[in-house]
Structures are given as structure tokens and as C-alpha cells.
Amino acid sequence: MYVTRDISDTMTAVTAEQKPAVTAVQLTKRYGSRLVLNKLSLTVEWGEFLTVFGLNGSGKTTLIRILATLVKPTSGDLDVATFSAKGNPSNIRREVGVVTHQPLLYRDLTTRENLRFHGKMFAMNNIDLRIERVGDMLGIKSNMQIKVGTLSHGMQKRVAIARAIMHDPSILLLDEPETGLDRDGISMLKKIVAGERGIRTVIMTTHNLDYGLELATRATILSEGSIAYDKQMSAICKDEFREVYSRFTGATN
Amino acid sequence: MIVFWSTVGAILAKDLVLEFRNKETITSILSFSLLSLIVLNFALRPTPSLISVVAPGILWVAFTFSGILGLNRAFAVEEDQDAIQGLLLTPASREAIYLGKMLGCLLFMLVAEIILLPIFAVLFDMAPFKPMLMVVMFMATLGFASVGTLFSALAMNTKSREIMLPMLFIPIVVPIIIAAVVGTDLAFKGGGWQEISKWIQLMLVFDLIAVVFCAFGFDYVAED
């Protein structure tokens, strides 16, 4: 029987494992001579909603791709969901859901076919039940028989989120999920992502200060591949954060 | 093991559904092969004596270059909307993903080749439907698909994929092309197992090495 994950599951995992959701130690990533991540160390506790801000090229996407085991770091140690990335990355992939600015879906398959294919790739039980559940949760049930390529950008994003949470991951990685969405789309996305707060550990990258700060329990600024700023939201004044953000990135938002 | 093969089956089934809907891979293989055969037929104006010499080469020139077009398409469908990343984010083993994609390529190439054979027979006045030729075609196409799928994935991240794939792929499959042309020649001449077997064995060894090596190499290729 498929059981919906809730915060008590996460807390049980914390007690049982005594390990954070993510532990990155001295992560470095080079593409040729270009240094993208520079000895980045980061710990994310279970249930946290960490928003990572930073300019283009600051290493946000590379960090998400490394956490998702799509890319191997050049050096450094990484544990995600208590599993070492140097061991079997499949264990991490089971515990991680990823949403990027691209939908990662097959345009010529229907919503249901895309989700069903995803379910098979995870060797899930009760695929139809899970599809119904995420369909209800994200309001995509009426689009199940429609090819993804013909859906609006906002609706494709909902399907992408459905794909990312369908296997009930304990950690959700969101890489600039608001990209390409209009104001209404971002508002819709914010509601959906806010619904995941407290249920899963969420790490989200974004350029959008308002949206990112509103959702976060902790905010980080990435600059030139390193963490330049890292505080719990309870210790952050938003106006002050804007100033700090401008100072580190030279950007206004 | 059940999970492994069900993953392979799911990827193959997904590629079949996508191909059934957009028909891009088989259409591109078929159209290029057909045009190659027609152009070569007019260019060579083959006499019966010339046909017996050049027919195997003509057939495999058409199959090789059209196969490259099909291999280029195999990962284009994964590139759209970054679907390949969605696939790689799943815990499915990279070997299973490779095998699923490879079997899809193999199937599309074989279907196109089977459709083209009667056209080849008409254009070059040949009788190509010989059991030994079918074995040669299958073994050679398996070698093409196994190496081609890996290089297609490799070329996916390059800017000039259409150029990169043949540049990488053809030098590797030269042994298969030679064995396929000689095997086809012998099959056209009515050769039996005794004569063709050493070429089939060569292809079998190549195919086994290629499938195993490429399946394990796919993990490295799949990463950026």
C-alpha cells in the first residue's frame, strides 16, 4: 500500500540516522580549466527549506546537478539522504526528486504516459494509484490524456513537479523552477512548492528574491562557486538581505 | 534482474510509441537509403556482371549512411525538453538505459532494411531474400546499433552532432562493414554456412565486445 510521506517519516529518519539530509564537504567541480564550485561545504538538516541565491555562473545549477548525482564532483565528499555519492548513486536517486527549468518530459507522450514511464523507471508499485494522487495534488487530472507538448508552460511545470514527487522522495531539488513562468505561473508554483515545505527537505535555487525568501527557512548566497552567505530565515531581515545580495552579486532584484 | 529487463522493456516500449507517433527515425532511414539506391542505380548503370561485383557494397553504403541518420535521431528525442536528464535522474541502471535505447535503434534499422530489400531487388535485379543474408544483416546491424547508440549519446552533447557521429562511429565499425560486405557477397553467390561462418563469427565477436563495452561505457558518456 502506498503511504504518503509526512513530517513524522522525516523525523523518524533523523532520529534513526542522526545524519543530515545533505552533507557536502569541500566540493570542487572543474570543467577543464574553469572552476565552477570551489571547496564548497554545506550541511542541510532534514525538513529544512534552503534557498540558494546567486548570479548566473555562480555554480547553483552545478550544485543541484551534483546533489542529484547527474554530475560527479572533481573532488570532495558528498552524502545525500545518508548515502555516499561515491557508493551507489542509485540509492540517492531513489530519495531525490528534481525539478529544473526544463520539464524533463517527452513531448509526444501524454501526461499519464510520461508519469507511468517514470514510475516504471523507479520500479514503483501502485503506479496508477500514485499517478492519481499526484494528479489530484497538482490539479493535472484533466490533462492526463493530453500530450505534454501541447500543454501550457505552467501546466508542463505541474507535470514536471508531479514527476519529481511521484516516487515520494525525501529531498526535493528545485533548480530555478520559476524560469519561463509568468506572474500567475509563479504564484501557482509558489503554492505548490509551499505545500512541500515541512514534508520534504527542499533545496531550491532562484534569482527571484521575493519568491525565494518567502518560501525558505534558510537562505544562502553562492558566489564564484563558494557559499558567501548562509543564515536561517529567523535571523534574516529581508531588507538587509537585499543589501547583502547586492553586495555579493552586484545585482538588484 | 527482473527490474533490469523491465527497465529495458519500458525504454524500448517508450521509444516504439514515440516512433509510432512521429515516425521520424524509420522515415529518415528509409528515405535516405532509398535515395542512395536510386542515385547509385542511375550513376553506375549496372550491367549484370557489374551488379555481381558492386551490389553488396551498394547495399551496405546505403544501410551504413542511413543508419547514421537513424542513430542521430535516437537521442534527439531524448534531448528535446532535456528528457535524457529525467531518465538519468532515475535509479535505473545505465546499462539498462543503454540496452533499451540500443534495442530500439536495432529494431528501427532492421525494419528499414527489411523494407528496402525488395526495392533493392527491383532496382538491381537481384534475389536478395536468402537466409544467410538475413543472418549477416542482423549481425552487422547489431554491431552498428551497439556502437552507434553509445556514440550517438556521446555526440548528443556536441554542437555538430551530425558530423561528429559519423566521424567517431565509422572508423570503429570498419571491421563490421568489411565482414558485412564480404558476407553479403558470399550470400548473393549462394554461399553456405561453411563459407560465410568465419565472417559471421567475426561479427559475433565484435557484437559481443561492443555490447558489453558500450553498456559499461554508457555511464561515463551519460555524464556531462
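Residues numbered from 1 in each chain as written. Chains lettered and ligands numbered in written order. Predicted model: local features only at pLDDT ≥ 70, side-chain atom pairs only at ≥ 80, totals over all residues.

Okay, the overall build of chain B next. A count of helical and extended segments in chain B gives nine helices and zero strands. The secondary structure elements of chain B, listed N-terminal to C-terminal, are α-α-α-α-α-α-α-α-α. What you see for chain B is a C-alpha radius of gyration of 18 Å, in line with the 17 Å of a compact globule of 224 residues. The principal-axis extent of the C-alpha atoms belonging to chain B is close to 55 × 35 × 30 Å. Of all 224 residues assigned to chain B, the portion counted as buried reaches 47%. Pairs at least 24 residues apart make up 84% of the contacts formed inside chain B by residues separated by at least 6 positions. (Helix = DSSP H or I, 4+ residues; strand = E, 2+ residues; numbered from the N terminus. Rg over C-alpha atoms; globule rule 2.2 N^0.38 Å. Buried ≥ 20, exposed ≤ 12 C-beta atoms within 10 Å, placed from the backbone. Contact = placed C-beta atoms within 7 Å.)

Of all hydrophobic cores here, the largest spans 138 residues; its most connected members are Leu 67, Val 80, Ala 162 and Leu 173 of chain A together with Val 136 and Ala 140 of chain B. A per-element tally of this core places helix α6 (residues 131–156) of chain B first, with 15 residues. Apart from residues lying up to four places away in sequence, Ala 162 of chain A is in contact with Leu 115, Val 134, Gly 135, Leu 138 and Ile 140 of chain A. (Core = buried A, V, L, I, M, F, W, Y, C linked by C-beta atoms within 7 Å.)

Right, let's get into the pairing of strand β2 (residues 34–44) of chain A. Strand direction decides the pairing type here: strand β1 (residues 22–31) of chain A and β2 of chain A, joined by seven bridges, are antiparallel. The residue bridging Lys 29 of chain A from the neighbouring strand is Leu 37 of chain A, located in β2 of chain A. (Pairing = 2+ DSSP bridges.)

Bringing the sheet that holds strand β6 (residues 96–99) of chain A into the picture now. Residue and element names in this part refer to chain A. In space, the six strands of this open sheet follow the order β6-β7-β8-β3-β9-β10, with mixed pairing throughout. Strands with a single pairing partner mark the edges of an open sheet, and in this sheet they are β6 and β10 (226–232). Strand-to-strand twist in this sheet, taken as the mean axis angle between neighbours without regard to direction, amounts to 15°. Of the strands in this sheet, β6 and β7 (171–175) touch helix α6 (residues 153–165), which is tilted by about 165° from β6. (Axes fitted to C-alpha atoms, helices over the stretch in contact; angles between N-to-C directions.)

Our next topic: helix α5 (residues 94–124) of chain B. Helix length check: α5 of chain B, at 31 residues, gives a terminal C-alpha distance of 43 Å against a target of 45 Å (1.5 Å per residue), a fit within 8%. A bend of about 30° at Leu 116 of chain B is the largest found in α5 of chain B, and the proline Pro 118 of chain B appears one to four places after it. (Expected span 1.5 Å × (residues − 1). Bend = angle between axes of the 7 residues up to and from the residue.)

All names here are of chain B. Within the secondary structure, Leu 116 is located in helix α5. With 22 C-beta atoms counted inside 10 Å, the residue Leu 116 sits in the buried group. The spacing of Leu 116 and Leu 30 is 86 residues in sequence and 7.2 Å in space, taken between C-alpha atoms. Those residues within four positions of Leu 116 in sequence are excluded, and the remaining contacts are Leu 30, Ser 33 and Leu 34.

Moving on, we get to the interface of chain B and chain A. If you look at the interface, chain B gives 23 residues, while chain A gives 23 residues. Among the elements of the structure, α1 (2–22) and α4 (83–88) of chain B are those that each provide at least two residues to the side of chain B that touches chain A. At nine residues, α1 of chain B tops the list of elements feeding residues into the side of chain B that touches chain A. Among the residues forming the side of chain B that touches chain A, the class breakdown is ten nonpolar, seven polar and six charged. (Nonpolar A, V, L, I, M, F, W, Y, C, P; charged D, E, K, R; others polar.)

Next up on the list: the confidence of the model for chain A. A residue-level look at chain A finds 92% of positions with pLDDT of 70 or above and a mean pLDDT of 87. For chain A, the element scoring lowest by mean pLDDT is helix α1 (residues 7–17) of chain A, at 47; helix α4 (residues 111–121) of chain A scores highest, at 96. (pLDDT = per-residue confidence, 0-100.)

With that settled, consider the sheet that holds strand β4 (residues 75–80) of chain A. Residue and element names in this part refer to chain A. Strand order in the open sheet formed by four strands is β2-β1-β4-β5, and the pairing between neighbours is antiparallel. In this open sheet, the two strands that pair with only one neighbour each are β2 and β5 (83–84). Across five bridges, β1 lies against β4 in antiparallel orientation. By the bridge assignment for β4, Thr 23 is matched with Asp 79.

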